[in-house]
Amino acid sequence: MEKFLELEAGYLFIGSFILLVTLFVTTRPFFKKGAVLKGFISVGIFLMFTIGMHYKITTERMASVKSAFKEGKTVICESRATRKVAQSVDININREWTLEGDVFSSVNYGRVFHTARCLVK
């Protein structure tokens, strides 16, 4: 549950906002009486499905990144610190990178990278 909240907290907040907008819109007088319940349920199911699929895809990608790193393959991680030149960092176990939990770190690099923001090269 902790990993789910860590990865999907932003999307849960956006989904909550969408549900509030749905609630506000469906309570307007030009909607029928049952629109609130129907709208809330249909939008809620859609949001649960999309957030759940995003979580599933992200955790599967994280697992493939971890296994590729342990096999010695190069992993590309997005670097949000520098937007002008090098927007990605190549991470490899042979370049003194370590994997602790879901986070890559190196003594030679000042930042850490979460496996959720990485891809196998």
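Note that this is a predicted model, so its numbers are computed, not measured.

## A look at the state of the cysteines
Piece 1. Tallied over the entire structure, the rule returns 1 disulfide.
Piece 2. The disulfide bridge from Cys77 ends at Cys118, spanning 1.9 Å between sulfur atoms. Handedness of the Cys77-Cys118 disulfide follows from its S-S torsion of about 105°: it is right-handed. Pair noted here: Cys77 is in strand β1 (residues 75–78) and Cys118 is in strand β6 (residues 118–120), with a separation of 41 residues, a long-range link.
Piece 3. Among the residues examined, Cys77 registers a relative accessible area of 1% and is labelled buried.
Piece 4. Under the relative-accessibility criterion, Cys118 is labelled buried at 1%.

Thresholds applied
Residues numbered from 1 in each chain as written. Predicted model: local features only at pLDDT ≥ 70, side-chain atom pairs only at ≥ 80, totals over all residues. Heavy atoms only, no water. Disulfide = S-S within 2.5 Å. Helix = DSSP H or I, 4+ residues; strand = E, 2+ residues; numbered from the N terminus. Buried < 20%, exposed > 50% of the residue type's maximum accessible area, 1.4 Å probe, protein only.

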